[in-house]
Amino acid sequence: MLTFGIDIGSTTSKCVLLRDGTEILATSLLVGGIGTASPRKAVEMALEAAGVTEAEIDCTVVTGYGRNRYEGADYIVSELSCHALGAHLTFPTVRTIIDIGGQDAKVIILGADGKMQNFLMNDKCAAGTGRFLDVMATVLLVPVNEMADMAAQATDPASISSTCTVFAESEVISQLANGVAMPDLIAGICNSVAVRVGSLAKRMNIQNDVCMSGGVAQNGAVRKALEASIGKPILFSPQAQLFGALGAARYGWEKCSK
Ligand code: ADP
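Residues numbered from 1 in each chain as written. Predicted model: local features only at pLDDT ≥ 70, side-chain atom pairs only at ≥ 80, totals over all residues. Heavy atoms only, no water.

## Some details on the pairing of strand 7 (residues 105-110)
Buried residues dominate strand 7, accounting for six of its six residues. Of the two faces of strand 7, the one lined by Ala105, Val107 and Ile109 and the one lined by Lys106, Ile108 and Leu110 are each fully buried. The sheet contact formed by strand 6 (residues 96-100) and strand 7 spans five bridges and is antiparallel. Bridge pairing in strand 7 places Ile97 opposite Ile108. Counted between consecutive antiparallel strands, the loop separating strand 6 from strand 7 contains four residues. Sheet topology places strand 7 next to strand 8 (residues 116-122); six bridges connect them, and they run antiparallel. Pairing of Ile109 across the sheet is with Asn118, part of strand 8. Hairpin connection between strand 7 and strand 8: a loop of five residues separates the two successive antiparallel strands, and Gly114 in this loop has a positive phi of roughly 85°. (Buried < 20%, exposed > 50% of the residue type's maximum accessible area, 1.4 Å probe, protein only. Helix = DSSP H or I, 4+ residues; strand = E, 2+ residues; numbered from the N terminus. Pairing = 2+ DSSP bridges.)

## What to know about the side chain of Ser38
Locating Ser38 in the fold gives a position in helix 1 (residues 38-50). Note on Ser38: relative accessible area 9%, which makes it buried. Within the structure, Ser38 has its side chain in polar contact with the backbone oxygen of Gly32 (distance 3.5 Å). Leaving out residues up to four positions away in the same chain, Ser38 has contacts with Ser13, Leu30, Val31 and Gly32. (Polar contact = N/O pair within 3.5 Å; in protein donor to acceptor, adjacent residues only side chain to side chain. Contact = heavy atoms within 4.5 Å.)

Fair warning: the whole summary comes from geometry, so function is off the table for now.
Here it is, written out as structure tokens:
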């Protein structure tokens, strides 16, 4: 049975094609989320990679911020449930997921069956989300995927005191003008995201094991600082950004294989 998960995010479109609920046949990830041509293109990329036509798919499930705008899915499912299912499929021992995406951060507690039990979300403030990192990367002219390597070279991480992204942007520019080294600034920026998300997580009963999902999981400096903030190790998968789409495809299998 072929099931297809589509995660239309605020910044990025992701797809996973699953065979029989476990075997990943193809994935796609394309920058550009809701309101762009990327969701459709990401669908086509994944189908082409697997050599499969849309007609051969048994069940399509759409999730993510833009899920209600996609036509032709069999099920529309919240990203909380999908991240839980995707993380559970990858790490069956995970009970806490810290998801940092392009415009929000969520802490999800799940049961041994991979079903979401509780969650807490910050979707009101860009600080503590990928948006904060994206803004700073643009200001500093550093690719967002190189921030962690640069942060690793820091000798004296800067402290970013502003709690608002707009003020923090001015603060970063002024620290740069005052001669703060780029690695120290970037380490401070990554720490700032981790501390914010860490305080969100600490409002929940964080249970072992813990993993990250979402695009910011790929930033090792944020991961490390988040581990220090919550006092627990965090499992990492290079597919963390695909967990929502993976969970959507898994949801389709659970529904349609019955
Ligand atoms: P959404 O679903 O809201 O579009 P994602 O979970 O796809 O969000 O994550 C997007 C975020 O991940 C962006 O803010 C982006 O900067 C960040 N990101 C993507 N790739 C990387 C990478 N290689 N290193 C660090 N951050 C990344």
